[in-house]
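# Topology and contacts: notes
Given next are the chains, with one letter for each unit.
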Amino acid sequence: MITLNPIGIAYNERYEIEDDYWGEIVSKIVLDRSLPEDALYEIESFSHADIIFHFHRVEENKIVTGARYPRNDQSLPKVGILAQRGKNRPNQLGLTTVKVIKRVGRELTVSGLDCINETPILDIKPVMKEFLPKEPITQPKWSHGIMKNYWG
């Protein structure tokens, strides 16, 4: 069994679970008191960070382990839950690359974090070019359609 303890909590003005318009969301991640403040030391020297978080408001009976239609849209192809980025995942984990705005003490301010207010943050990692894919990114055509309004 794996036990994960949140390293912080994200606070923003998004209180309801929604699929779109995350681009302008600014979030403040407050580091948990169990970690020293210097755990964030120099994170602001990076332009971006990867944030791993817990979809804490997904109801257990809504978790999908097999295939489904993305966004429950039957006009899209049915694909496995691990072949999409939906929130109703087996371990309820989210991962987003965010823009680092600033750090003040135990607080990290970021933009583009697609989680709702009071979401538990499980990890923060700086984005480094050397970890990004070297080859072009490819994805199926249907995925472009559902992302049309995601950030904007």
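Residues numbered from 1 in each chain as written. Predicted model: local features only at pLDDT ≥ 70, side-chain atom pairs only at ≥ 80, totals over all residues. Heavy atoms only, no water.

### Points about the environment of H54
Under the convention used in this document: Helix numbering and strand numbering both begin at the N terminus, where a helix is a DSSP run of H or I of at least 4 residues and a strand a DSSP run of E of at least 2. What makes two residues a contact is simply this: any of their non-hydrogen atoms within 4.5 Å.
Of note, H54 is situated in strand β3 (residues 48-54). With 85 residues separating them along the chain, H54 and Q139 place their C-alpha atoms 25 Å apart. If sequence neighbours within four positions are ignored, H54 has contacts with N91, Q92, T119, P120 and L122.

### Description of the sheet that holds β3
Basically, it comes down to this: Paired strands are those between which DSSP finds at least two bridges. Axis lines are fitted to C-alpha atoms, over the contacting stretch for helices. Their N-to-C directions set the angle, which ranges from 0 to 180 degrees.
Here we have six strands rolled up into a closed barrel, ordered β1-β2-β7-β6-β3-β8, and antiparallel in their pairing. Each adjacent strand pair in this sheet contributes to an overall mean axis angle of 45 degrees, direction not counted. By the bridge criterion, four bridges tie strand β1 (residues 8-11) to strand β2 (residues 26-31) in an arrangement that is antiparallel. Its bridge partner lying in β2, A10 is registered against I29.

### Brief notes about the nonpolar core
Inclusion rule: Here the nonpolar core consists of buried residues drawn from Ala, Val, Leu, Ile, Met, Phe, Trp, Tyr and Cys, with membership extended through side-chain atoms lying within 4.5 Å. Only protein chains enter the accessibility calculation, which uses a 1.4 Å probe. A residue is then buried if its area is under 20% of the maximum for its type, exposed if over 50%, and partly exposed in between.
If you look at the biggest cluster of nonpolar residues, it comprises 19 residues, and the most contacted ones within it are I29, I51, F53, L108, L113, I121 and I124. Listed by contribution, the elements that provide at least two residues to this core are β2, β3, β6 (93-104), β7 (107-111) and β8 (119-126). Among the elements that make up this core, the one with the highest residue count is β3 (three residues). Contact partners of L113, with chain neighbours within four places excluded, come to A10, W22, I25, S27, I29, I51, F53, T96, V98 and I121.

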